[in-house]
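# Working through the structure, step by step
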Amino acid sequence: MNILNILKVAMRSLNRNKLRSFLTMLGIIIGVGAVIAMMAVGRGAQSRIEEQIASLGTNVLMIFPGSSNQAGVRGGMGSMSSLTPDDLAAIKNQCSAVQMVSPAIRTGGQVVFADNNWATQVMGGTEEYFAIRNWPVSSGQYFTEADVRGATKVCVLGQTVVDNLFKGGDCIGAIIRIKKLPFKVVGVLAMKGQSAQGSDQDDVIIAPFTTVQKKLMGVTFLGMMLASAISDDAMTDAQSQISELLRSRHKIQAWEDNDFTVRSQTEIASAAESTTQVLTILLASIASISLLVGGIGIMNIMLVSVTERTREIGIRMSIGARGRDILFQFLIEAMVLSLFGGLIGVILGVSASKLISVLAGWPTVVSTMSVGMAFVFSAAVGIFFGFYPARKAAMLNPIDALRYE
Amino acid sequence: MADSPLIISTKHLHKTYIMGDVEVHALRSVSIDIHRKEFVAIMGASGSGKSTFMNILGCLDVPNKGEYVLDGVNVGRLDKNQLARIRNEKIGFVFQGFNLLSRTTALENVELPMFYNNLTNKERTDRAMEALRIVGLADRYHHMPNQLSGGQQQRVAIARSLVNDPAIILADEPTGNLDSRTSVEVMEIFQHLNERGITIILVTHEPDIAEYTKRNVIFKDGRVKSDILVEKRRNATEHLKTLPAIGEDDAEEEAA
Ligand SMILES: Nc1ncnc2c1ncn2[C@@H]1O[C@H](COP(=O)(O)OP(=O)(O)OP(=O)(O)O)[C@@H](O)[C@H]1O
Ligand SMILES: [Mg+2]
């Protein structure tokens, strides 16, 4: 029996039990759909991170207080103080591979303008902070070195803050209150959108770090620093120069751990990337369980079908069908079920991905690889779970099958 | 008959079914020779082993003991696939209960045996239509079994049995579910096919049906009790002329 005829027979017998065929396929449909949607969400997160690496610049280094291999230390106040403004100046002056450096000291605060309230975070940096983060202003200008030296109460607003405080009105030159202190708005930052972790990067106010330290927080240390290397190639040099310098400044002995951590953005981003990768695999494996359940559903229905059609099998055998012909007939039927389910599942998965990206504002990327894999997988499920019932049919004794009531 | 070559030769066939502690001897040493172009009726009481014998002849079942040579091939030495091939190429089966695939047209039912050998779609359809023409059902080719009368269904089954040009047609009570006129019509078809050179073996309970054949073998308790040639063979075509045709006409009108 040639494959086309077998296919025709399979299609017809599935067509006879439309509802049953559909319900059988449902498991595969949901399984494949879920796998594709999950992979698309994961891939979307990954591509978002990749984009961010590009937008952050590949030459940015982060310097955290606290050791990287002492869990929990970074959060403690003691270690928060390990980086000082003098360290900052030293890095700026002595590290030849470092082009720019800025603190990134962070505090939360309630901001008020007229009747409008907004809780946001205030970031303290130098005038170089903007260049390091590659962040242009959309209107107004940055604060200046003089502002940093004089700890003046000026600030640059992120777009989200502007939207919430000014509701579309003009904000340059306005006086807002951050933690009750008046600050003059000098500029508005261009939109950056969501970060890889899903937070709104535009929900921020940037002010001279001296102002943030003294006026808002009342501390002398720096939380964290951002530095940029003079070029991408100088990244490792910059990293080791900073490490060396800070070790000697902090008088750390050779056997002691650093009390700070220097990391490149790429390192951090790729760490985040591998986290999402793990997450993607996890989601996909959970989703593939439903594919497995779908396969069991197919097996179940094929077993019922073999029993129901025992007489048909007997008739076919009595006129010359070999065991092999019967095996193929039922195997192809199972495969048609699972592949058809796979096809609908792909459509469902792709639509679900689109829907997720619209509703959740989360980018999704449906890769051809995941579609291809879903197909191969559902065909494999069909073969695997269809084989046992098909074999059972093929092993029937013609005379017993014919006598079956 | 001895002038035609042997097509079936069985020697001391035994078939025993074991049901728990009881052994049922369905066949006890059955030896029969059947030549090409013979038309044999197998008769006997219920449970005498007729169906068991037919199933062995049809390669659907295997004997526990004994030898069966079909058309020069010792069937006992063949594996499952080879048996399937023999069923496909050399044997046509007609059953009491028709055994057509439901929800499948007459034409497709007749085409079925040809799906298991390599023919083009056109060849297959042509040959199936030709077989339907032989049994007089060419105009009903697109009907489903449940749209056909019992006699018509049996004719479709006969068309299916002869579509692969078999050496023998085996029919187990082919008229068992049919009224007497329809039975004679089916016998008419068998007589025609036999005249065309096909060996036919059928099982029947009705002595008058057996009179349309050429040789009657009577089974008793799994043995051949008697084996006789029919002296005054009935001609189905002649006999049909003497039968009133009312019933058939009504059915035809309704169907049309
Ligand atoms: N599958 C089976 N299992 C057990 N016993 C069987 C089986 N098939 C047939 N028999 C027994 O074998 C004997 C012969 O059965 P068979 O069907 O050949 O009779 P038969 O001559 O065709 O009868 P009938 O005219 O009623 O169709 C019977 O006693 C029957 O009970
Ligand atoms: Mg019987």
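As the structure is a prediction and not an experimental result, all values here were calculated from the model. (Residues numbered from 1 in each chain as written. Chains lettered and ligands numbered in written order. Predicted model: local features only at pLDDT ≥ 70, side-chain atom pairs only at ≥ 80, totals over all residues. Heavy atoms only, no water.)

## Comments concerning the overall build of chain A
Across its full length, chain A carries 14 helices and 11 strands. For 405 residues, the compact-globule estimate of 2.2 N^0.38 gives 22 Å, and chain A exceeds it by more than 25% at 32 Å. Reported as C-alpha extents along the three principal axes, the dimensions of chain A are approximately 100 × 55 × 35 Å. Looking at the 405 residues of chain A, the share that counts as buried comes to 50%. Accessible area for chain A stands at about 18600 Å²; split by element, carbon and sulfur atoms hold 62% of it. (Helix = DSSP H or I, 4+ residues; strand = E, 2+ residues; numbered from the N terminus. Rg over C-alpha atoms; globule rule 2.2 N^0.38 Å. Buried < 20%, exposed > 50% of the residue type's maximum accessible area, 1.4 Å probe, protein only. Areas by Shrake-Rupley, 256 points an atom, 1.4 Å probe, with all protein chains shown as cover.)

## Considering the overall build of chain B
The number of helices and strands found in chain B is nine helices and 10 strands. Here the C-alpha atoms of chain B give a radius of gyration of 18 Å, agreeing with the 18 Å that 2.2 N^0.38 yields for 256 residues. Residues counted as buried form 52% of the 256 residues belonging to chain B. In chain B, the proportion of contacts linking residues at least 24 apart, taken out of those at least 6 apart, comes to 71%. (Contact = heavy atoms within 4.5 Å.)

## Describing the nonpolar core
Across soluble globular proteins, nonpolar side chains have a tendency to be buried as a group. By size, the foremost hydrophobic cluster in this structure holds 68 residues, and its most contacted members are Ile8(B), Ile42(B), Phe53(B), Tyr68(B), Leu70(B) and Ile201(B). What Ile8(B) contacts, discounting residues up to four positions off in sequence, is Ile32(B), Asp33(B), Ile34(B), Leu57(B), Tyr68(B), Val69(B), Leu70(B), Ile168(B) and Ile201(B). The next biggest cluster of nonpolar side chains, apart from the first, holds 66 residues, and it includes Leu61(A), Ala104(A), Ala229(A) and Ala234(A). (Core = buried A, V, L, I, M, F, W, Y, C linked by side-chain atoms within 4.5 Å.)

## A look at helix 2 (residues 80-89) of chain B
Inspection of helix 2 of chain B places Leu83(B), Ala84(B), Ile86(B), Arg87(B) and Asn88(B) among the buried residues, and these make up the whole buried set. Of the residues flanking the start of helix 2 of chain B, the one acting as N-cap is Asp79(B), its side-chain oxygen 3.1 Å from the backbone nitrogen of Asn81(B). (Polar contact = N/O pair within 3.5 Å; in protein donor to acceptor, adjacent residues only side chain to side chain.)

## Quick look at the pairing of strand 7 (residues 168-172) of chain B
All names here are of chain B. In terms of residue burial, strand 7 counts as a mostly covered element, since five of its five residues are buried. Burial of the side chains of strand 7 extends over both faces: Ile168, Leu170 and Asp172 are buried on one face and Ile169 and Ala171 on the other. Taken together, the four bridges between strand 6 (residues 91-94) and strand 7 define a ladder with parallel strand orientation. Considered in strand 7, the bridge of valine 94 is made with alanine 171. Note: strand 7 against strand 8 (residues 199-203), five bridges, orientation parallel. The residue of strand 8 that forms the bridge with alanine 171 is leucine 202. Each parallel crossover has a hand, and the one from strand 7 via helix 6 (residues 180-195) to strand 8 is right-handed. (Pairing = 2+ DSSP bridges. Right-handed = clockwise from strand over helix to strand, strands pointing away.)

## Points about the state of the cysteines
Residue and element names in this part refer to chain A. Per the counting criterion, the structure on display carries zero disulfides over all chains. Here cysteine 155 is not disulfide-linked; the sulfur of cysteine 171 is the nearest cysteine sulfur, at 9.1 Å. For cysteine 155, a relative accessible area of 0% puts it in the buried group. The exposure class of cysteine 171 is buried, given its relative accessible area of 5%. (Disulfide = S-S within 2.5 Å.)

## Comments concerning the site of ligand 1
Neighbouring ligand 1 are 15 residues, the closest being Ser46(B), Gly47(B), Lys50(B), Ser51(B) and Thr52(B). Nearby residues around ligand 1 are contributed by chains A and B. Here an oxygen atom of ligand 1 and a backbone polar atom of Gly47(B) are 2.8 Å apart. Take Thr52(B): an N or O atom from its side chain is 2.5 Å from an oxygen atom of ligand 1. Here ligand 1 has 630 Å² of accessible area as a free molecule, and 68% of this is covered by the chains. Those elements giving two or more residues to the shell around ligand 1 turn out to be strand 1 (6-19), strand 2 (22-35) and helix 1 (50-57) of chain B. Tallying contributions element by element places helix 1 of chain B first for the shell around ligand 1, with three residues. Taken together, the residues of the shell around ligand 1 break down into five nonpolar, seven polar and three charged. (Near = heavy atom within 4 Å. Nonpolar A, V, L, I, M, F, W, Y, C, P; charged D, E, K, R; others polar.)

## Some details on the sheet that holds strand 10 (residues 225-229) of chain A
All names here are of chain A. Ordered in space as 2-10-1-11, the four strands form an open sheet in which the pairing is antiparallel. The outermost strands of the open sheet, each flanked by one partner alone, are strand 2 (98-103) and strand 11 (260-264). Strand-to-strand twist of the sheet, defined as the mean angle between neighbouring strand axes without regard to direction, takes the value 20 degrees. With five bridges joining them, strand 1 (residues 60-65) and strand 11 adopt antiparallel strand pairing. Directly across from phenylalanine 64, in strand 11, lies its bridge partner threonine 261. Taken strand by strand, helix 4 (residues 85-94) contacts strand 1, strand 2 and strand 10, and its axis lies near 165 degrees from that of strand 2. (Axes fitted to C-alpha atoms, helices over the stretch in contact; angles between N-to-C directions.)

## A short note on the domain arrangement of chain A
Once the domains are mapped, chain A shows domain 1 (3-52 + 271-403) and domain 2 (60-264). Computed over C-alpha atoms, the centres of domain 1 of chain A and domain 2 of chain A are 53 Å apart. (Domains from an automatic or database assignment.)

## Observations regarding the packing of helix 4 of chain A against helix 9 (residues 235-249) of chain A
Residues and elements named next belong to chain A. Orientation of helix 4 relative to helix 9, taken along the N-to-C sense of each, is 135 degrees, at an axis distance of 10 Å. Comparing the axis directions of helix 4 and helix 9 gives the class oblique. The interaxial crossing formed by helix 4 with helix 9 has right-handed handedness. On the side of helix 4, the interface is formed by Asp86, Asp87, Ala90, Ile91 and Gln94, while helix 9 contributes Ile242, Leu245, Leu246 and Arg249. Partitioning the contact of helix 4 with helix 9 into residue classes produces five nonpolar, one polar and three charged. (Parallel < 35°, antiparallel > 145°, perpendicular 65-115°, else oblique. Left-handed = near helix turned anticlockwise from the far one by under 90°.)

## Re the interface of chain B and chain A
Facing 24 residues of chain B, the contacting portion of chain A comprises 24 residues. Between chain B and chain A the total buried area reaches about 2200 Å² when both faces are included, carbon and sulfur atoms providing 52% of it. On inspection of chain B and its partner chain A, the count reaches one salt bridge. Close ionic contact of Arg12(A) with Glu108(B) constitutes a salt bridge, the shortest N to O distance being 2.6 Å. For the interface between chain B and chain A, the tally reads six residue pairs in polar contact (both at pLDDT 80 or more). Ranked by residue count, the leading element in the side of chain B that touches chain A is helix 2 of chain B, at five residues. (Buried area = accessible area lost by both parts, 1.4 Å probe. Salt bridge = Lys/Arg side-chain N within 4 Å of Asp/Glu carboxyl O.)

## What about helix 9 of chain A?
All names here are of chain A. For helix 9, spanning 15 residues, the distance from its first C-alpha to its last is 21 Å, which sits close to the expected 21 Å at 1.5 Å a residue. Considered for burial, the residues of helix 9 that qualify are Met235, Ala238, Gln239, Ile242, Ser243, Leu245, Leu246 and Arg247. Elements in contact with the buried residues of helix 9: strand 1, helix 4, strand 2, strand 10, strand 11 and helix 10 (265-308). (Expected span 1.5 Å × (residues − 1).)

## As for the packing of aromatic side chains
One pass over the structure, following the stated rule, counts seven aromatic pairs over all chains. With a centroid separation of 5.3 Å and 45 degrees between ring planes, the pair formed by Phe53(B) and Phe219(B) is classed as tilted. Residue Phe53(B) is located in helix 1, and its partner Phe219(B) is located in strand 9 (residues 215-220); the two are separated by 166 residues in the primary sequence. We classify Phe219(B) as buried; its relative accessible area is 2%. Plain terms: the ring middles of Phe93(B) and Phe95(B) are 5.0 Å apart, the flat faces sit at 5 degrees to each other, and that makes the pair stacked. A relative accessible area of 4% places Phe93(B) in the buried class. Residue classification places Phe95(B) among the buried positions, given a relative accessible area of 10%. Here the aromatic cluster, defined as three or more aromatic residues joined through ring pairs, consists of Tyr129(A), Phe130(A), Tyr142(A) and Phe143(A). (Phe/Tyr/Trp six-rings, centres within 6.5 Å; stacked < 30°, edge-to-face > 60°.)

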